[in-house]
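Each chain, letter by letter, is given below.
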There are 2 protein chains.
Amino acid sequence: MPGDFIGVGVGPGDPELITLKAARYIQNADVISYIASGNGRSQAKVIAGAVLKDAVANQREIPVVMPMCEDRSIANKVYDEAAEQIQQALNEDKTVVFLCEGDPLFFGSFSYLLERIQENNPCQVVPGISSVNAAASALQLPLTILKESFVVVSGRHTEEKLCEALLQHDSVVIMKAGRSRQKIVNALKQSNRLADANYLEYIGRENEVIYQDVDQLPDESGPYFSLFVVLRNERDQS
Amino acid sequence: MPGDFIGVGVGPGDPELITLKAARYIQNADVISYIASGNGRSQAKVIAGAVLKDAVANQREIPVVMPMCEDRSIANKVYDEAAEQIQQALNEDKTVVFLCEGDPLFFGSFSYLLERIQENNPCQVVPGISSVNAAASALQLPLTILKESFVVVSGRHTEEKLCEALLQHDSVVIMKAGRSRQKIVNALKQSNRLADANYLEYIGRENEVIYQDVDQLPDESGPYFSLFVVLRNERDQS
């Protein structure tokens, strides 16, 4: 009987924004796995650091080293090999917990491992706090109220598509804003929503940056996980 | 010096989906406050039940009794009175923690209290797992990958507006589906997305209901917090 493959969200960065369930699963896992960069660094593992201090003895690790590149075929090869390693551990009846920044199924790498493993193994997913909810909390502004509509789009979309979202929806979160900052600012201006916009990076971490006046944002690239949160200044409360 | 007013998300229903931070704040609060129905019942307090067992001695409570009605003026009067009671506690230098189902700033009542209190008091918000992320985890299906766009709309919108969202976006979550079930099913048929749709209620609770074939859903109203999650069956992974 194979062990369980469990994706757990560790939240957006504040180590205390891990759920009780995620903490329990992480501490009792036979194997933990996570995405690591070329130098072996894993942000998800850093976030779970305090929880991991109380983990069971002899916990093994399967780091999934992902090179920084946009070639999907290379990424798919990495996922194939990782899925195989994880499958071996599951076949030995080990529980494998995969650590995910934010929420496992919201723009995360976990989805690609899950689709490779879920056909032949029992899986579980423990949701995590996404950066979207963490952003609203950091701003202390409602993400949505009453009949407002709320859309999440990738900053990688065209300026035209970003404008369309900004014109059609009350609340708009633009993820992965890193290298698209200028395009996003242009879309905000064109849709007349610059004053509604907030910018955030590294929410809840020591190097957190928040701009509530996006006009002050320097004209340069930001980190990959930076995001814009656009909320109506005047909200319809009827 | 006034105390802090702190909104904390307790997640969608599973008592273990409370964050470590929320648990700490709840246990150390001088006063806890929450929305209660006419009979005094509070779902948020039920979810936090196990955490509350280890709360400080002499913790006080401010229940905010909200009648079931759609008249905003009545709701606003309740919020006014609650804000006044909470303000009194804050003036006595007490920390008041407001328990919120799901995430505090995502379609929640907390927003209305926050806007009444934040001008004159230090406030904090601890994000919670929203039903949207919990739904994807329960389904074990990605909410969004790569360049997919993702929209959240209220089931109270017109069929036309629901159709528009279903036609324009890859992933669509329709909240507050309770009494709008038939309208939503019609919009799913009209936009040719019935096969993409999943239906969930009471996620992570004992009475959880999930339909992955929405065609089997009885033609009747559901609970207020039921939701539809519409995800492309064939996803663009390029």
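Note that the structure is a prediction, hence the values are computed from the model and not measured. Residues take numbers from 1 onward in each chain, read along the sequence in its written order. Written order determines the labels here, with chains lettered from A and ligands numbered from 1. This being a predicted model, a pLDDT of at least 70 is required before a residue's local features are given, and a value of 80 or more before pairs of side-chain atoms are given or counted; all residues contribute to the totals for chains, interfaces and linings.

Our focus in this paragraph is the overall build of chain A. Looking only at helices and strands, chain A has eight helices and ten strands in total. Values of the radius of gyration come from C-alpha atoms, whereas the globule rule sets the reference at 2.2 Å times the count of residues to the power 0.38. A compact globule built from 238 residues should have a C-alpha radius of gyration of about 18 Å, and chain A, at 19 Å, falls within 12% of that. When its C-alpha atoms are laid out on the principal axes, chain A stretches across 60 × 35 × 30 Å. For the exposure call, what matters is how many other C-beta atoms sit within 10 Å of a residue's own: 20 or more marks it buried, 12 or fewer exposed, and in between partly exposed, using C-beta atoms placed from the backbone. Looking at chain A residue by residue over its 238 residues, the buried ones come to 47%. Every helix listed is a DSSP run of H or I at least four residues long, and every strand listed is a run of E at least two residues long, numbered separately from the N terminus.

Here the focus is the relation of the copies chain B and chain A. Only residues with pLDDT of at least 70 in both copies contribute their C-alpha atoms to the least-squares superposition of the copies. Its rotation angle being 180°, the transformation that places chain B on chain A also includes 0.0 Å of axial translation and leaves an RMSD of 0.0 Å. As the rotation angle and translation indicate, the two copies are arranged about a two-fold axis. By the convention adopted here, residues are in contact when the distance between their C-beta atoms, placed from the backbone, does not exceed 7 Å. When the interface residues of chain B are mapped onto chain A, 100% of them are again interface residues, pointing to one common binding face.

A few words on the packing of helix α4 (residues 72-91) of chain A against helix α5 (residues 110-117) of chain A. All names here are of chain A. Fitted lines through C-alpha atoms serve as axes, helices being fitted only where they are in contact, and the angles separating the N-to-C directions of these axes extend from 0 to 180 degrees. The geometry of α4 relative to α5 is characterised by a closest axis approach of 10 Å and an angle of 55° between their N-to-C directions. Regarding the angle of α4 to α5, the classification is oblique. Judged by the sense of rotation from one axis to the other, the crossing of α4 with α5 is right-handed. Contact residues: α4 offers Tyr79, Ala82, Ala83, Ile86 and Gln87, while α5 offers Tyr112, Leu113, Arg116 and Ile117. If an angle is under 35 degrees, it is roughly parallel; if it is over 145, roughly antiparallel; if it lies from 65 to 115, roughly perpendicular; otherwise it is oblique. Definitions for this section: a left-handed crossing has its near helix turned counterclockwise from the far helix by less than a right angle. A right-handed crossing has that turn clockwise.

Attention now moves to the sheet that holds strand β8 (residues 197-201) of chain B. Ordered by their spatial adjacency, ten strands build an open sheet running β9(A)-β8(A)-β10(A)-β7(A)-β6(A)-β6(B)-β7(B)-β10(B)-β8(B)-β9(B), and the pairing between neighbours is mixed. Each edge of the open sheet carries a strand with a single partner, namely β9 (209-211) of chain A together with β9 (209-211) of chain B. Recorded for the sheet is a direction-independent mean angle of 15° between the axes of neighbouring strands. For two strands to count as paired, DSSP must find a minimum of two bridges between them. As judged from the three bridges shared by strand β6 (residues 150-154) of chain A and strand β6 (residues 150-154) of chain B, these two strands associate in the antiparallel manner. From the neighbouring strand, valine 152 of chain A faces β6 of chain B, where its bridge partner is phenylalanine 150 of chain B. Against the sheet, helix α6 (residues 131-139) of chain B makes contact with β6, β7 (171-175), β8, β9 and β10 (227-230) of chain B, and its axis sits at roughly 60° relative to β10 of chain B, the strand it touches most.

All names here are of chain A. The source of the domain bounds is an automatic or database domain assignment. For chain A, the domain assignment lists domain 1 (5-126) and domain 2 (131-230). Spacing between the C-alpha centres of domain 1 and domain 2 amounts to 28 Å. With six residues of domain 1 at the contact, the number on the domain 2 side is seven residues. In the scheme used here, Gly and all other residues not listed as nonpolar or charged are polar, with Ala, Val, Leu, Ile, Met, Phe, Trp, Tyr, Cys and Pro taken as nonpolar and Asp, Glu, Lys and Arg as charged. The residue inventory of the side of domain 1 that touches domain 2, partitioned by class, reads three nonpolar, two polar and one charged.

Attention now goes to the interface of chain B and chain A. Taken residue by residue, the interface counts 44 residues in chain B and 44 residues in chain A. Of all elements in the fold, only α1 (20-28), α5 (110-117), β5 (123-126), α6 and β6 of chain B reach the threshold of two or more residues within the side of chain B that touches chain A. The element contributing the most residues to the side of chain B that touches chain A is β6 of chain B, with five residues.

Another point: the sheet that holds strand β3 (residues 60-65) of chain A. All names here are of chain A. Spatial strand order, β3-β2-β4-β1-β5: five strands in an open sheet with parallel pairing. Edge positions in the sheet fall to β3 and β5 (123-126), since each of these pairs with one other strand and no more. Between one strand and the next, the sheet's axes are offset by a mean angle of 20°, whatever the strand orientation. Both strand β1 (residues 5-9) and β5 contribute to a ladder of four bridges, which runs parallel. What sits directly across from valine 8, in β5, is valine 126.

Moving on, we come to the environment of alanine 29 of chain A. Residue and element names in this part refer to chain A. Positionally, alanine 29 belongs in the loop between α1 (20-28) and β2 (31-36). According to the C-beta neighbour criterion, alanine 29 is buried, with 25 such atoms within 10 Å. Between the alpha carbons of alanine 29 and glutamine 59 there is a distance of 6.9 Å; along the sequence they are 30 residues apart. Sequence-distant contacts of alanine 29, defined by excluding residues within four places in its chain, comprise Gln59, Thr95, Val96 and Val97.

Here the focus is unusual backbone geometry. Residues other than glycine seldom take positive phi values, yet asparagine 192 of chain A does so here, at roughly 60°. By the element assignment, asparagine 192 of chain A lies in the loop between α8 (181-190) and β8 (197-201). The exposure class assigned to asparagine 192 of chain A is exposed, which follows from the 11 C-beta atoms found within 10 Å. Even without being a glycine, aspartate 93 of chain B presents a positive backbone phi close to 65°.

Residue and element names in this part refer to chain B. Within the span of helix α8 (residues 181-190), buried status applies to Arg181, Ile184, Val185, Ala187 and Leu188. Viewed along the axis of α8, the buried residues span an arc of 160°, placing them on a single side of the element. Tucked inside the fold, the buried residues of α8 contact α7 (159-168), β7, β8 and β10. Just beyond α8, the residue with positive phi is asparagine 192, at close to 60°. The arc in question is the one traced by the directions running from the helix axis out to the C-beta atoms.

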